[in-house]
Every structure is written in C-alpha cells, then in structure tokens.
Amino acid sequence: MSRGHTCIRTMKSYQKLTAAQPAACRVEEEGAAPVPSGHGKLAPWWVGSGLLVAAVLLSTITVWVLRQVSGGWLGPTAPPKCLVVPESHRFDCYPERRVVVTQELCESRGCCFIQSPPLAEGKQGVPWCFYPPDFPSYTLESLNQTALGMVGLLVRREKAYYPRDIQKLRLDVEFETDTRLHIKITDAANPRYEVPLDVPRVMKRAENPIYSLNFSWDPFGVVLQRKATGTVLLNTTVAPLIFADQFLQISTSLPSRFLYGLGEHRDTFLHSLDWNTLTLWARDVSPTESFNLYGAHPFYLLMEEGGNAHGVFLLNSNAMEVALQPAPGLTWRTIGGVLDFYIFLGPDPNMVIQQYQQVIGFPAMPPIWALGFHLCRWGYGSSNETWQTVRAMRNYQIPQDGQWNDIDYMDGYRDFTLDSQKFASLPSLVEDLHKHGQRYVMILDPGISSTSPHGSYWPFDEGLRRGLFLNTTQGQPLIGQVWPGFTAFADFSNPDTHQWWLENLQHFHAHVPFDGLWIDMNEPSNFMDGSEDGCPPGELDNPPYTPAVLGDSLSAKTVCASAKQKVSVHYNLHNLYGLMEAKATASALIRIRGKRPFLISRSTFPSQGRYSGHWLGDNRSQWKDMRYSIPGLLSFSLFGIPLVGADICGFSGSTSEELCTRWMQLGAFYPFSRNHNTQNEKAQDPTAFSPAARTAMKDVLLTRYSLLPFLYTLFHRAHLQGDTVARPLFFEFPQDEATWELDRQFLWGQSLLVTPVLEPGVDSVTGYVPQGTWYDFYTGSSVNSSGEMLKMSAPLEHLNLHVREGSILPTQKPGTTTEATRGNPLRLIVALSSHATAWGDLFWDDGESLDTFEKGNYSYVVFNVTQNIFTSTVLHASTEATKVTVGTLSIFGVQKPPSKVLLNGQEKPFSYLDNQVLNVSDLGMSLSQGFSLQWL
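Keep in mind the model is a prediction, meaning the values are calculated, not measured.

Calculation notes
Residues numbered from 1 in each chain as written. Predicted model: local features only at pLDDT ≥ 70, side-chain atom pairs only at ≥ 80, totals over all residues. Heavy atoms only, no water. Buried < 20%, exposed > 50% of the residue type's maximum accessible area, 1.4 Å probe, protein only. Helix = DSSP H or I, 4+ residues; strand = E, 2+ residues; numbered from the N terminus. Pairing = 2+ DSSP bridges. Contact = heavy atoms within 4.5 Å. Axes fitted to C-alpha atoms, helices over the stretch in contact; angles between N-to-C directions. Parallel < 35°, antiparallel > 145°, perpendicular 65-115°, else oblique. Left-handed = near helix turned anticlockwise from the far one by under 90°. Nonpolar A, V, L, I, M, F, W, Y, C, P; charged D, E, K, R; others polar. Core = buried A, V, L, I, M, F, W, Y, C linked by side-chain atoms within 4.5 Å. Phe/Tyr/Trp six-rings, centres within 6.5 Å; stacked < 30°, edge-to-face > 60°. Disulfide = S-S within 2.5 Å. Salt bridge = Lys/Arg side-chain N within 4 Å of Asp/Glu carboxyl O. Patch = residues over 30% accessible without salt bridge, like charges linked within 9 Å, V, L, I, M, F, W, Y side chains within 5 Å. Areas by Shrake-Rupley, 256 points an atom, 1.4 Å probe, with all protein chains shown as cover.

**A look at the pairing of strand β6 (residues 149-156)**
No. 1: Burial analysis of β6 places 7 of its 8 residues in the buried class, the great majority of the element.
No. 2: In terms of strand pairing, strand β5 (residues 138-145) meets β6 through 7 bridges, oriented antiparallel. Bridged to Leu 143 within β6 is Gly 152.
No. 3: Between β5 and β6, which pair antiparallel and follow one another directly, the connecting turn spans 3 residues.
No. 4: Looking at chain direction, β6 and strand β7 (residues 168-177) are connected through 7 bridges and run antiparallel. Considered in β7, the bridge of Val 155 is made with Lys 168.

Have a look at this one:
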C-alpha cells in the first residue's frame, strides 16, 4: 500500500498514554487495504486544544509556584511544549552516565530541560533532559502488503544527534501466528549484523490473529492492541525512534506496571518501574543489585489488568539497556545490530513462555541423574579429600548423584590437564562413583594458557596452529589473564573450534571418564580490562554511547570489543560467548558419551536451554542471597532455562548451621540442586553439621528423591512444549492479583507449593495460599483457603509443601541415588478436588538415552479420578515401564470412610485415617499395565 491512501494525517506529538490513538491507518490482518481509524474507544490524550491550553496554563502556574518555594532550582522557564509533558512521561534524551547534563548540552540535542530535585547517591530519577512532543523522528513513507504481512519504508528528514544515523529504514511486519507478531526494523540500504540464531520461518500469514496493529505515519509509530480487550500493549509513538549505526532506541508505553524478565539481574521477580535501568552485557561479578550479571536475556513478560499476559523479545545481542519508567513506559537502547521484535500474545502467562520458546527453541531433556543432588567445592585439596566427602555422604546414607571438582584438579589451572600429585587417584575416584551409580562433573574454562613452552601444551599449540582464538585488530591472538595466568580465548563462533574442543575433551575423557561438564568464566571473564596491551582506539572499544555497564567500559573485566571472531567482531558476539561454548560442549559430550549431555553454564543467552542449565553464580552465604535465589529461579523459568539453581548454603563467606539447613530445604526444590562452597571456608556439605541438622538435610533430600518421577515428568513437558518447572504462583492463578508480586514461594508445575523459611530465628513461616483446597504433602491434612496469607508451623527440620486439589503426583520410595530410586515401587498421591476429581501423568524412560521421546522409547501414563474410581491408563509403553511397580495409592480428601476397596474388581485391604486420607498399599501393579481402583 503506497503513501497515496486516504488516511494520512500528520501528527507532531509523541506523548500518548496507554489509550492514545496516533494518526494512523488500521491495518486489517485479512489483507484488505487499510482504512482510516476512527476515534472510538481511543480518545486522543489531551482531548482537544482546550485541554492543552488549560494544561499549559496550569503547568506554568505550577512552575511559578514551585520556583517561589524552592528558591529557583528549576532554572529558566521551559517552553510550553515542554511543560505539558508529565514527569512520568519524560523520555530521557540524554541517558549518558557520568555526565552532568546542563541546559546547554540538552538543548544542543533539541530537547527540553527541566531540573528536578537531586536524588540520593546512585538513584535515578526524572530525566532533566527529555524529548519535546515535536522532536523529529522517522516518517512512514510507504507500506505494502506482502504474503506474510507488510513491508514499509521509514525516512528520517532531520539527522539525529548520534553519528552515522541511518536515513532510510526498512520495516518488515509478519503475522507469524495468531498469537505471535514479528516486527523488524533494519537499514534499508546496507546489511547489518544480525544474531546468528535459528528462528522459525513461517510459510503463511496468520488467519485469525488475536491482535490488531495500527501505524502512526508521521512520526512513525506502532500501536498494538489485544482484540479481545482493546488493551494497548505497545505504543511506540511516545518518543522518537533513533537508528544510528551504534545507537538504536525505541520506546513504548506499557499497559501495566507488572513486568518481569530482562535478565540477568539480582532483583525482585517483579521489576520496579521507578526510573529503573537494567543493563544487558555479560559480566563476571558476584550477584549484586543493579549490576549487569553473567547472561543477557532481552525478553519481558507483562501482566495486563484482568489477568491476560504478553511477552516481548528483542532479538539483539549487542550491549543494551532497558530503561523502565513510571508512565508506565519502557525504552530499549542497544548499540548495534537491528531492532528485531517478537511479540507473544498468550493470552495466559504459561502460553506466553511456550510461544517464546517456539522461537528460541525448547529446552533439552536432562538425564535423570542431573535432577539428583550434587556436591562441590573449590578447595578440595586432592582427589582423596574429594573421595572422603563422597564416602562420608554414603556413610550417612545421604542422597547424592553428582560429585564435582572445581579448578583444583588441573595442573597449574590449565584446561585438559590433571595435577598428577594431588589428583593422581582421580581416575579411581571416578570409577568408584560409577560403581555406586554416581556421576562425576568437572569445571572447564574457555581461557587457554598461552605461556607453556612450545610443544608441551597441545590445546594451545594446536589452537594456535588452526587459528581458533580471538584475535586482536592486528590479527594476533588476544592475550588476557585468567586462572592459569596469560591466556588466549577460544573462538566458539568458528565451527573448527568445536572440533578442536571435542578432540581435547576426548583426550581427557580417555583418562578421566567424566559424565558432565561445568563451563565457567564464559562471559568471557578476564582479570585484565581488554588484554595485556589494553584495547586500541576506535569506536568499537569506545562507542559513541556506552550503556550503563559495570566498570563504564565494554572491556571491563573482559576482552576488547574490537577483538575479531570468525562470525563478527566481539562487539556483536560478546553476549553470545557462553551460548556458543555451550553448543560446542553439548555436542562434544554427545559424541563422547552417546547419551544426553549434562552441562551447566554461567553465561547464557536466549536458546541456551537447548544446550545447558545454569547456576546463579558466585553468591554469598547470607540470608539475603538465599531469598534472592527465588526470583533468580523464576526469571530463568521465563527464559526457557528450567534447569537452574543457586549455590546451596552460599558460595563465598561462612555459612551457619541454621542458614545451611534452611537453604538445603529450599535448595532441595531448586530444579538444579547443588551445594557449592569456596576455598578457605569451612565445609558445608551435609556431613559437616550436627546430627540434628544433618538429619534435616537428609530428610529433605529424600523428599526430593521421592518426587523425582513428578519432577522428571515436568522436565519432559518443558522439553516437549516449553512448560515451566519452577513456576511463579501467578502462572496458575493469573486472575488473582495478590499472586503477581510473590517471589518468596513457588510451585513445581501446577500442583506442588513450596513455602521455604527465609529468615533466621523463626519456627513459623507466613505464605500465600491461593484459593481452594490444599493438602499437606506429608500428612494429607487439608487446608481450605479463600486466597490468603497463612501462618504455617516451620520448626528447623520442616519444609512446608502443599499439594493442590485436583492433582495426582507420581512419587517413588527414595534411594540414595537416582539409579537406586528408579527401581523402587511408586506411590501415587491423589489430591481430590472439591468435586472429588483428580488428574496426573507420568513420563518414564531409561533416564539417559538420546531422543527417547522422539524415537518412541518411553512410557506415558495418565492417572484420573472420577466418581470414586481411580484409573491408570497407559497411553504409550516401553520395556522400561515393566521394571517398575505401583505399590501404594494415597488418596487425600476422601470425605467418608469407605466400606470396601476394589482393585480391578478384587477386594483389597486399606486404611482410612481421620484426616480423610485413604491408603491402599501392596498393589503390586506393573506400571506398564493399566488398572482401576474403586472405593465404595
């Protein structure tokens, strides 16, 4: 559709509230020519010029009054067009840090300057320098229909204030599915760097999208609405679009303040919109509030009034910041690439996350042993010391699947080497672990020591020979410093590096047959800024605009942004380093072991879940750190990385017995459960504490192991369709706004509520219990809630767990390893709803073979209760299921004592407790056989 249609109206005003209607063409999804949009529900923001005049007058009077009161900190009176912009809607025109923004600097950019009172140190407030309503932006010059949507041309008539701004942009809109919209803005004339991520290509346009799209022509803007409610999800007319070579910025209004995601940060799960800037640039630093941390996830989920949800993903890997403001509004600022947005319409939060993962890829199915308990520390002085810990754990019969080593095992901290003195017995230890059904995991860093004499260290010599390292602008390997001293950095964007990495791992595995790998320091971390020679001058290392990164420089504690990699410059690829290493490592593990890979990575990027899990980094042994781990878990659930956990009991600093006991209780419900400790601190594995604490830790691990069939089935659903494992309460209760801010509790799947103690010195905990009947996991006693905060008893040995009505949890008699547990009989816990119904399912396979679901080598069983009849229905069977029996059925909420119980029509003995729990044991039914059980 060309510019000649009848609906063009010029509009020179940005400030719009959620309900704003820019001069626009409604774009009908059916492909008809756009028609002028009316002003139905969407009234202009200031209705008519009368209001505008009144507002200017009011603002002028207010400013005059404020000036009298404040002794004149406001400076000269701003022009009326500036005064009409409410504080919460001031979009920052001068976001540079470490600059005192003066009126002169601000006006040189053509922006409004109004000073506000200064805030406390480190706090951001209302921007002093902000865009006036008539600031020049792009104009939509033409819009034409395509098979999948539209293509448009955007033109900027006046230059922006960053160098090399791009005058003509191409707009591509694709209606990919009824719930997914793809909007991409690129340079119309020249190719630009784009993230090398495989995304789905659709073949036909969505037929019945649940969204409608409007455009503002001048200034250009996108207005996206949810058809069912009319809610405006995006309105980019609130501030100008800027698209320069190294500064891309677009802003939008938001329909509510309930925004989550945008990782990786240490923060509450729900982000504050109070002038809060979140920076995305992978950085090695202990998790600290407001810092950019190890990974970059430019995705947010937003809850709309009424309980609908949508998500927005910006597919861009450059250094970036996202500025949130109370309007509510949001600004994306990135310093490279293109603006490539996916919008997911849900409408329910679970569906938003599934739709996001349809684009980035579903997570890999972990081997079942990955879901056991893992133990590690930095500072096991030797393999014998490591072995002692394993033996002590076995001695007390405390469950453990994985024993790990940190960099201690290496010779001089060099990858693919073994300290032949202190770790001589490591091969024997690994053999012993395997004999006991346990696994061994070791750490690997991407920095390769560059100082060994030539010919003595194959990984470096061969990497150099094949040209597999990051290079300086001069074409020599960039040398930084990590644990072994001076190092080169493997370039995982080069496929040849993957082959070299595999060969190194094969050599080492022949000597030490490890089972999984832990990839650390892959931001990449560097103890120097840039390299041993610093970084060269130029606009990659010193861009016109640097986002608010820790250290104020892109090269702070990492390599130079100008470093050359096979695919592009490090400036573009930095945030992808951990993802690319994970991809190489997962494929090497598959080649070496022929089984599902187990891999935990520190740095992550969207799609990482396909290759690895994640731990939340180098936390501290403090109560605060334990509390912050829950928002961390929940955020990575949104990011499609369900295999996530924090270092239980804290990594740095000294833990206490009470903290470690409470943390082991919480950590037993991290999807990835590992206790890890730093060097030179006292031991914090369960065997290091008093008998009472040790028993509490053992008990909660046995509870975890009993729930493995349930947890494994949740991971199957994550792998199959992108369901979350650790789940925020509002995902299950989106209509209940009381759940929207909760991040001190979480669910496993739909049906298990975890309420940990997160404070010292208490023997009770207050938690939110959503409306309905919930059953105590241990006793089956019921709690009826109207949707309220309830105080629960929580002595030091107790973790509160509640089962949601209407669910059936497959559990198993726990052993001390996943291997031992898998042979034990199942106990099915049935939690009857108020209508006396329940449902559950179980996915079962051999626990470690590749692609069992895809190849059909699995069993899938569905459990159901209606009208006092429990049925187990085998929907798909494999030989594995014949090895397992269903031993016990525990039915919670049976209102009156039954007179008899029939298993496949035959009477069975049973017990009935006065808390309305019916137990039927010694069932002896093979999992591969369907059966029914009736109580009369």
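Next, the rest of the story.
**As for helix α7 (residues 458-466)**
Since there are 3.6 residues in each turn of an α-helix, residues three or four apart along the chain are aligned in direction.
No. 1: Residues of α7 that are buried: Pro 459, Phe 460, Asp 461, Glu 462 and Gly 463.
No. 2: Buried residues belonging to α7 abut β24 (447-449), β26 (485-489) and α8 (495-511).
No. 3: Looking one or two places after α7, you find Gly 467, whose phi comes out positive at around 70 degrees.

**What about the packing of helix α5 (residues 383-395) against helix α6 (residues 426-435)?**
No. 1: Between α5 and α6, the least distance of the axes is 9 Å, while the angle of their chain directions is 20 degrees. With respect to α6, the axis of α5 lies roughly parallel. Of the two possible hands of crossing, α5 and α6 adopt the one that is left-handed. Where α5 abuts α6, its residues Ser 383, Thr 386, Trp 387, Val 390 and Arg 394 lie against Leu 426, Ser 428, Leu 429, Asp 432 and Leu 433.
No. 2: Here the residues of the contact of α5 with α6 are counted per class, giving 5 nonpolar, 3 polar and 2 charged.

**Quick notes on the sheet that holds strand β30 (residues 644-645)**
No. 1: Read across the sheet, 9 strands follow the order β30-β29-β28-β27-β23-β22-β21-β32-β31 without closing on themselves; strand pairing throughout is parallel. Of all strands in the sheet, those bounded by a partner on one side alone are β30 and β31 (647-648).
No. 2: Where strand β27 (residues 516-519) meets strand β28 (residues 599-601), 3 bridges bridge the pair, whose relative direction is parallel. Looking across to β28, one finds that Trp 518 is bridged to Ile 600.
No. 3: Those strands touched by helix α10 (residues 577-593) are β23 (439-444), β27 and β28, and its axis lies near 165 degrees from that of β27.

**Some details on the nonpolar core**
No. 1: Counting residues in each nonpolar core, the largest one holds 232 residues, and the members touching the most others are Trp 332, Phe 669 and Phe 870.
No. 2: Tallying contributions element by element places α10 first for this core, with 8 residues.
No. 3: With residues near it in sequence (within four places) discarded, Phe 669 still touches Val 700, Thr 703, Arg 704, Leu 707, Phe 746, Trp 748, Leu 752, Val 754, Leu 799 and Leu 801.

**Side note on the packing of aromatic side chains**
No. 1: Across all of its chains, the model carries 50 aromatic pairs by this definition.
No. 2: Where Trp 404 meets Phe 598, the ring centres are 6.0 Å apart and the plane angle is 80 degrees; that geometry is what we call edge-to-face. Here Trp 404 is found in strand β22 (residues 402-405), whereas its partner Phe 598 is found in the loop between α10 and β28, with 194 residues between them in sequence.
No. 3: With relative accessibility at 1%, the residue Phe 598 sits in the buried group.
No. 4: Between the aromatic rings of Tyr 712 and Phe 843, the centroid separation amounts to 6.1 Å while the plane-to-plane angle is 40 degrees, which identifies the pairing as tilted.

**So, the state of the cysteines**
No. 1: Throughout the structure, instances matching the rule amount to 5 disulfides.
No. 2: There is a disulfide in this structure between Cys 106 and Cys 129, and the S-S distance comes to 2.2 Å. Residues Cys 106 and Cys 129 are joined by a disulfide whose S-S torsion is about 90 degrees; by sign, that bridge is right-handed. Of this pair, Cys 106 sits in helix α3 (residues 103-108) while Cys 129 sits in strand β4 (residues 129-130); the two residues are 23 residues apart in sequence, bridging distant segments of the chain. Across the pair, Cys 129 and Cys 106 agree in class, each one buried.
No. 3: Of all cysteine sulfurs in the structure, the one in Cys 649 sits closest to Cys 376, which takes part in no disulfide; the separation is 13 Å.

**Things to note about the pattern of salt bridges**
No. 1: Evaluation of the coordinates by the stated rule reveals 42 salt bridges.
No. 2: The salt bridge partner of Arg 602 is Asp 284, with a shortest N-O separation of 3.3 Å. Taken as a pair, Arg 602 in the loop between β28 and β29 (613-615) and Asp 284 in the loop between β15 (276-280) and β16 (297-303) lie far apart in primary sequence, 318 residues in all.
No. 3: With a relative accessible area of 1%, Arg 602 lands in the buried category.

**Observations concerning the sheet that holds strand β13 (residues 247-253)**
No. 1: Taken together, the 5 strands give an open sheet; going across it, the order is β12-β13-β19-β18-β15, and neighbouring strands pair in antiparallel fashion. Sheet topology places β12 (242-244) and β15 at the edges, where each strand pairs with a single neighbour. Taking the axes of each pair of neighbouring strands and ignoring which way they run, one obtains an average angle of 15 degrees across the sheet.
No. 2: Judged from the 3 bridges that link them, β12 and β13 form a sheet pairing that is antiparallel.

**Some details on a nonpolar patch on the surface**
No. 1: Together, Tyr 413, Trp 483 and Phe 527 line one region of the surface with nonpolar side chains, adding up to about 250 Å² of accessible area.
No. 2: Positionally, Phe 527 belongs in the loop between β27 and α9 (570-573).

**Points about the side chain of Asp 618**
No. 1: As for its placement among the helices and strands, Asp 618 is situated in the loop between β29 and α11 (623-638).
No. 2: Leaving out residues up to four positions away in the same chain, Asp 618 has contacts with Ser 286, Pro 287, Tyr 294, Arg 602 and Phe 651.

**Remarks on the environment of Arg 283**
No. 1: Its location among the elements puts Arg 283 in the loop between β15 and β16.
No. 2: A relative accessible area of 12% places Arg 283 in the buried class.
No. 3: Separated by 243 residues in sequence, Arg 283 and Asn 526 place their C-alpha atoms 9.7 Å apart.
No. 4: In this structure Arg 283 touches Asn 292, Leu 293, Tyr 294, Glu 523, Leu 550, Ala 556 and Lys 557, once residues within four positions along its chain are discounted.

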